[in-house]
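# Remarks on the overall topology
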Amino acid sequence: MDEKLPPPSPEEQERRLEHERVTRRTFLMNVGIALNVLVTVALATPVVGYLLGPVMRRKDYREWITIGNAADFKPGETTLITYRNPFSDPWDGDTAKIPAYVRCSEPGNFTVFAINCAHLGCPVRWFSESQLFMCPCHGGIYYADGSRASGPPERGLFTYEQKVQDGKLMIKAGQLPTLRNRAGAAPCPGAAPPKAPALVARIESCPSTKGPGTSTSTIG
Ligand code: FES
C-alpha cells in the first residue's frame, strides 16, 4: 500500500529554508576570509622580507675554498684557474665559475689575483712572454707581481686572501676582492701599521720606488 507522507507544515518549510540560507552564507563567508588571508600573505611577504633583509643578511659572503694542490703551481709561473663561487646556486650554471690568476713566485709563496682590472673591471690577460698582465679595454698594464705598470688603473690588481693547508692552496672566495672588502691586506713597504681595520686600511697606491711612470706593489 502506497502510504504518502504528509506535506511539511509551513513552519517546518520556513525552518528548512532558513537552515539552507545560513549554510550557504557561512560557506561564502569562509571562502571570502580564505581569499583575504591569501591576498594578505601574498602582499605582506615581500614587504616583511624587505624590512627584515638588513637584519637577516650575512655580513661577509666569503669562505675558504681549495683551488688546487700547492705543488701543482710551478715557481716562476702564473696560472689561470677557475673556481666555483661557494655562494652560488646549482641553477647559476657557468655564471658561478670565476677565473683568477695564481702566481707562484717561489716554492710556497703564492699570490692569487682577481682577474678583473682595477680600472673598470675588464678581465686582464697574462702574457708570459712579456711577463705582464694586460687589460684589453683601455690598455691597463700590470707587472707580474700585480702592481700597476701603466694605463688608467690607479692601483695594482686585487688579490685574494690565500693560505696553504695540508698541501692545498686555498683562497677566501665569495665576494670578489675590491677596495671595499679586501684593500690593505699588504701594507706598503716601510709603511707604519694601519690604524683602520685591515679590510679598508689602504685604498691608495703605494709611493713609487721604480722608474718613472710605475708604482710599486699596490696589491690589495
Ligand atoms: S678596464 Fe682595464 S684599463 Fe680600463
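Presented here is an overview of the structure given in this document. (Residues numbered from 1 in each chain as written. Predicted model: local features only at pLDDT ≥ 70, side-chain atom pairs only at ≥ 80, totals over all residues. Heavy atoms only, no water.)

### Remarks on the overall build of the protein
Put simply, the rule is: Helix and strand assignments come from DSSP, with helices taken as H or I runs of at least 4 residues and strands as E runs of at least 2, each series counted from the N terminus. Only heavy atoms matter for contacts: two residues are in contact if any of them lie within 4.5 Å across the pair. Only the protein chains shown count as covering a residue, and every accessible area follows the Shrake-Rupley method with a 1.4 Å probe.
Within the protein, the regular secondary structure consists of 2 helices and 10 strands. When the elements of the protein are put in sequence order from the N terminus, they spell out α-β-β-β-β-β-β-β-β-β-β-α. Partitioning the contacts of the protein with sequence separation of at least 6, the portion at a separation of at least 24 is 48%. Total accessible area computed for the protein in this model is approximately 14400 Å², and 61% of it derives from carbon and sulfur atoms.

### With respect to the sheet that holds strand 6 (residues 132–134)
Defined as follows: Pairing between two strands requires that DSSP report at least two bridges joining them. Helix axes use the C-alpha atoms of the stretch in contact, all axes being lines fitted to C-alpha atoms, and the angles between their N-to-C directions lie in the range 0 to 180 degrees.
Read from one edge to the other, the open sheet built from 4 strands follows the order 5-6-7-8, with strand pairing classed as antiparallel. Of all strands in the sheet, those bounded by a partner on one side alone are strand 5 (125–127) and strand 8 (148–150). When the angles between neighbouring strand axes are averaged without regard to direction, this sheet yields 35°. Note that strand 5 and strand 6 share 3 bridges and pair antiparallel. What sits directly across from Trp 126, in strand 6, is Phe 133.

### Observations concerning the nonpolar core
The test is simple: To qualify as a nonpolar core, a set must consist of buried Ala, Val, Leu, Ile, Met, Phe, Trp, Tyr and Cys residues joined through side-chain atoms within 4.5 Å. Any residue under 20% of the maximum accessible area for its type is buried, any over 50% is exposed, and the rest in between are partly exposed; the area is computed with a 1.4 Å probe on protein chains only.
Within the largest apolar cluster, 31 residues are counted, with the highest numbers of intra-cluster contacts made by Ile 67, Tyr 83 and Val 124. At the level of secondary structure, the elements contributing two or more residues to this core comprise strand 1 (62–69), strand 2 (77–84), strand 3 (97–106), strand 4 (109–114) and strand 10 (168–174). Counting residues per element, this core draws most heavily on strand 3, which supplies 5 residues. In this structure Val 124 touches Tyr 101, Ile 115, Cys 117, Phe 133, Met 134, Cys 135, Tyr 142 and Leu 157, once residues within four positions along its chain are discounted.

### Some points on the state of the cysteines
The condition is simple: Any two cysteine sulfur atoms within 2.5 Å of one another count as a disulfide.
Under the counting rule described, the total for this entry stands at 1 disulfide. Between the sulfur atoms of Cys 122 and its disulfide partner Cys 137 the distance amounts to 1.9 Å. The disulfide joining Cys 122 to Cys 137 has a torsion of about -90° about its S-S bond and is therefore left-handed. In this pair, Cys 122 sits in the loop between strand 4 and strand 5 while Cys 137 sits in the loop between strand 6 and strand 7 (141–143), placing the two residues 15 residues apart along the sequence.

### Concerning the sheet that holds strand 4
Across the sheet, which stays open at both edges, the 3 strands sit in the order 2-3-4 with antiparallel pairing between neighbours. Every other strand in the sheet has two partners, leaving strand 2 and strand 4 as the edge strands with one partner each. Mean inter-strand twist for the sheet, computed between neighbouring axes without regard to direction, equals 30°. Sheet analysis places strand 2 next to strand 3, joined by 8 bridges and oriented antiparallel.

### Here we look at the packing of aromatic side chains
How we decide: For Phe, Tyr and Trp, rings pair up if their centres lie within 6.5 Å, where Trp contributes its six-membered ring, and each pair is then called stacked (planes under 30 degrees apart), edge-to-face (over 60) or tilted (otherwise). Should the NZ of a Lys or the CZ of an Arg lie within 6 Å of a ring centre and within 35 degrees of the ring normal, that charge is described as sitting over the ring.
All told, the structure shown has 5 aromatic pairs when counted by the stated rule. On the numbers, 6.2 Å between centres and 75° between planes, the contact of Phe 73 with Phe 110 is edge-to-face. Taken as a pair, Phe 73 in the loop between strand 1 and strand 2 and Phe 110 in strand 4 lie far apart in primary sequence, 37 residues in all. For the pair shown, Phe 73 and Phe 110 are each scored as buried. Connected via pairs of aromatic rings, a cluster forms that spans Tyr 101, Phe 113, Trp 126 and Phe 133. Residue placement shows Lys 163 over the ring face of Trp 64; its charged tip is 4.3 Å from the ring centre.

### Comments concerning unusual backbone geometry
Despite not being glycine, Gln 131 has its phi angle at roughly 55°, a positive value. Phi is positive for Asp 166, close to 50°, though the residue is something other than glycine. Tracing the backbone shows Asp 166 in the loop between strand 9 (162–165) and strand 10.

### Quick notes on a nonpolar patch on the surface
Put simply, the rule reads: Exposure above 30% relative accessible area and no salt bridge define the residues that can form patches, which grow by joining like charges within 9 Å and nonpolar side chains of Val, Leu, Ile, Met, Phe, Trp and Tyr within 5 Å. Take a side-chain nitrogen of Lys or Arg and a carboxyl oxygen of Asp or Glu: if they are within 4 Å of each other, that pair is a salt bridge.
Together, Val 47, Val 48, Tyr 50, Leu 51, Leu 52, Val 55 and Met 56 line one region of the surface with nonpolar side chains, adding up to about 790 Å² of accessible area. By secondary structure assignment, the location of Leu 51 is in helix 1 (residues 10–56). Using a relative accessible area of 57% as the deciding quantity, one classes Leu 51 as exposed.

### What about the pattern of salt bridges?
Taken as a whole and assessed by the stated rule, the structure comprises 4 salt bridges. Among the ionic pairs, Arg 16 bridges to Glu 12, the shortest N-O distance being 3.2 Å. Of this pair, Arg 16 and Glu 12 both sit in helix 1, 4 residues apart, roughly one helical turn. The salt bridge involving Glu 161 is made with Arg 62; its shortest N-O contact spans 3.1 Å. Highlighted residues: Glu 161 in the loop between strand 8 and strand 9 and Arg 62 in strand 1, separated in sequence by 99 residues. For Glu 161, a relative accessible area of 24% translates into the label partly exposed. Given a relative accessible area of 10%, Arg 62 falls into the buried group.

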